[in-house]
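This is what each chain is made of:
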Amino acid sequence: MGNWVINNGLSSFILVVWMAINIFLFVWFYLFYDLGDQFFYTRHLLGSALAWARAPAAVLNFNCLLILLPVCRNLLSLIRGSLMCCGRTMRKQLDKNLSFHKLVAYTIALMTAVHVIAHLLNVEWYNNSRQGVYDELSTALSNLEDTETTTYLNPIRITDIIPSYLVFTTIAGLTGVIITLALILIITSSMEVIRRSYFEVFWYTHHLFIVFFAGLVFHGAGELSTWMWVIGPMVLYLCERLLRFIRYMQRVTYRKVRSICEPPDWLLSSFAAEVEVTKSACLAFQIVMRPSKVLELQLVKSGFKMEVGQYVFLNCPAISQLEWHPFTMTSAPEEDFFSVHIRSAGDWTEKLINIVQQLPEGAQGPRMGVDGPFGTASEDVFAYEVSMLVGAGIGVTPFASILKSIWYKFKDSNPKLRTRKIYFYWLCRETHAFEWFADLLQVLEREMEERGMGNFLTYKLYLTGWDQSTVSADHVKVRFDEDTDAVTGLKQKTNYGRPIWDKEFEEVRKENPTSVVGTFLCGPLALAKVLEKKCAKYSDVDPRRTKFYFNKENF
């Protein structure tokens, strides 16, 4: 329980406060419209539907104020940097920005549904009152006209119209239809299956938020004054986009030519039939195309400063003027450039790889806009004496930056390096996915041995997409007893299957009986749930003993 409080206590407190504010607003405005004497005659026409329409509107205003803040990434990075002295628990909350963004969005969708249904009932009851369906008082109230001392109660002024006429002939009704349709498109296109498979659909429909907020300002221009709730976040987000545009206009060049190494001999000899290397280099930049269909870009931008594990948004105007995609940087802060590894996983990445492959010798590369860098949970890796790094597939990218930075710190004998032990786990489905990162691990292996620190880095590689034919392959059988692994060429042998996490956590706890261990994941949600549970399970109740803190990358 103590470990759960440490890992989730502040998050739970924030959620409780957020829920309490929502409940308070709903109850307050419901009772205000349901019991207030000033709405006595309106309630006679509409019943409780009046309160059911206005109470969700108040909750909507509050959540529309919040919805943009979690995606103001520059603001979050600024706050995160200023909170470095305030403890890891506070900073961890900022890494859950997208989860909170989704939670607020679901609340907006729910309250919108209640608000719309209540107003549809209101229109129907207004019309029935105008038609004289109800009692004499309802008819009399509906016949009231504007005078010097009174205003009409029933917005339906004539008896021979259909109720939908009111919806499409008033500002509130028309804007309500527009923002509801925009919200439906935004929510449905944000489903995981669409976002993963058709990112462009998600990207473009998500920008209907402009229509949503514009309509919201006009829709709520009455008593609830919606614009007063949302004007602040809208200005902040506008500044975010302005800063992105300024960064987009800044010149980005590709790093100068250096020799591009062929894949390691172990890879060529073992997988000669599978490896297909495409290289393209020019005078102004370097691009490396890895055999595993992973593109490495090494970029240079004036004044650009980064920390380990951070990410940037990239825009390639040759593909799309509007699309920006996030990529974790794989370079170290000590290097004079920043790099990203881009795996072919969609139309945008496929087009970028095709452009690079078709570049003639000496040609300039495509123009690239860069926004960032932005902070992530991995920035805190050096705040722990012991760290467990878990990457799945291309999710290894933030840890490439971390391991490179460690290498530079050892090379320069940096006395500020607090970390004394790192456990690194990399899970891949296919053998060639190990290729682009194996050379870095080889360098680290050699560096640690030369400095007599072979125990500093413990790494384990897992090949999860395997079958009996893979294990029984000739190159594995022949080289099984060699010093280096048949798959990666490293001294650490590749494991087939998935890690037994109970065994791994028990081993880490045994080797570090009094340490605080930071567990960092860049990978799927299912794996995140498993690791979070293991962190809670293997954290000792005694505050002097081993504690595991879970951290996950979010984009």
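Cut-offs applied
Residues numbered from 1 in each chain as written. Predicted model: local features only at pLDDT ≥ 70, side-chain atom pairs only at ≥ 80, totals over all residues. Heavy atoms only, no water. pLDDT = per-residue confidence, 0-100. Helix = DSSP H or I, 4+ residues; strand = E, 2+ residues; numbered from the N terminus. Contact = heavy atoms within 4.5 Å. Pairing = 2+ DSSP bridges. Axes fitted to C-alpha atoms, helices over the stretch in contact; angles between N-to-C directions. Phe/Tyr/Trp six-rings, centres within 6.5 Å; stacked < 30°, edge-to-face > 60°. Buried < 20%, exposed > 50% of the residue type's maximum accessible area, 1.4 Å probe, protein only. Lys NZ or Arg CZ within 6 Å of the ring centre and 35° of its normal.

Draft legend 1. Spotlight on the confidence of the model for the protein chain. Scored by pLDDT, the protein chain comes out at a mean of 79, with 81% of its residues at no less than 70. Ranking the helices and strands of the protein chain by mean pLDDT puts helix H3 (residues 49-66) first, with 93, and strand E2 (residues 278-281) last, with 33. Confidence drops under a pLDDT of 50 for residues 256-286, and excluding neighbours within four residues, the segment shows 67 contacts in the predicted structure. Under a pLDDT of 50 for its full length, residues 473-480 has, in the predicted model, 15 contacts with residues more than four places off or in other chains.

Draft legend 2. A look at the sheet that holds strand E10 (residues 421-428). Read across the open sheet, the six strands follow the order E12-E11-E10-E9-E13-E14; overall the sheet is parallel. Edge positions in the sheet fall to strand E12 (495-496) and strand E14 (547-552), since each of these pairs with one other strand and no more. Lying on the sheet, helix H16 (residues 397-411) is in contact with strand E9 (386-392), E10, strand E11 (457-463) and strand E13 (516-522); it crosses E9 at an angle near 140°. The strands touched by helix H20 (residues 501-511) are E9, E10, E11, E13 and E14; relative to E10, the strand with the most contacts, the crossing angle is about 170°.

Draft legend 3. Region of the structure containing the sheet that holds strand E5 (residues 311-315). The strand order across the open sheet formed by three strands is E6-E5-E8, and the pairing between neighbours is antiparallel. Every interior strand has two partners, whereas the edge strands, strand E6 (325-328) and strand E8 (369-374), have only one. Mean inter-strand twist for the sheet, computed between neighbouring axes without regard to direction, equals 30°. Bridge count for E5 against E8 is four bridges, and the pairing is antiparallel. Counterpart to asparagine 315 in the pairing with E8 is glycine 369.

Draft legend 4. The packing of aromatic side chains, seen in detail. Per the stated rule, a full pass over the model turns up 27 aromatic pairs. With 4.1 Å between their ring centres and 20° between their planes, phenylalanine 304 and phenylalanine 338 make a pair best called stacked. Of this pair, phenylalanine 304 sits in the loop between strand E4 (294-301) and E5 while phenylalanine 338 sits in strand E7 (residues 338-343), placing them 34 residues apart in sequence. For phenylalanine 304, a relative accessible area of 17% translates into the label buried. Put simply, the rings of Tyr425, Trp501, Phe505, Tyr538 and Phe548 pair up and form one aromatic cluster. Over the aromatic face of tyrosine 248 sits the side chain of arginine 367, whose NZ or CZ is 4.4 Å from the ring centroid. In this structure, lysine 421 packs its charged tip against the face of tyrosine 423, placed 5.0 Å from the ring centre.

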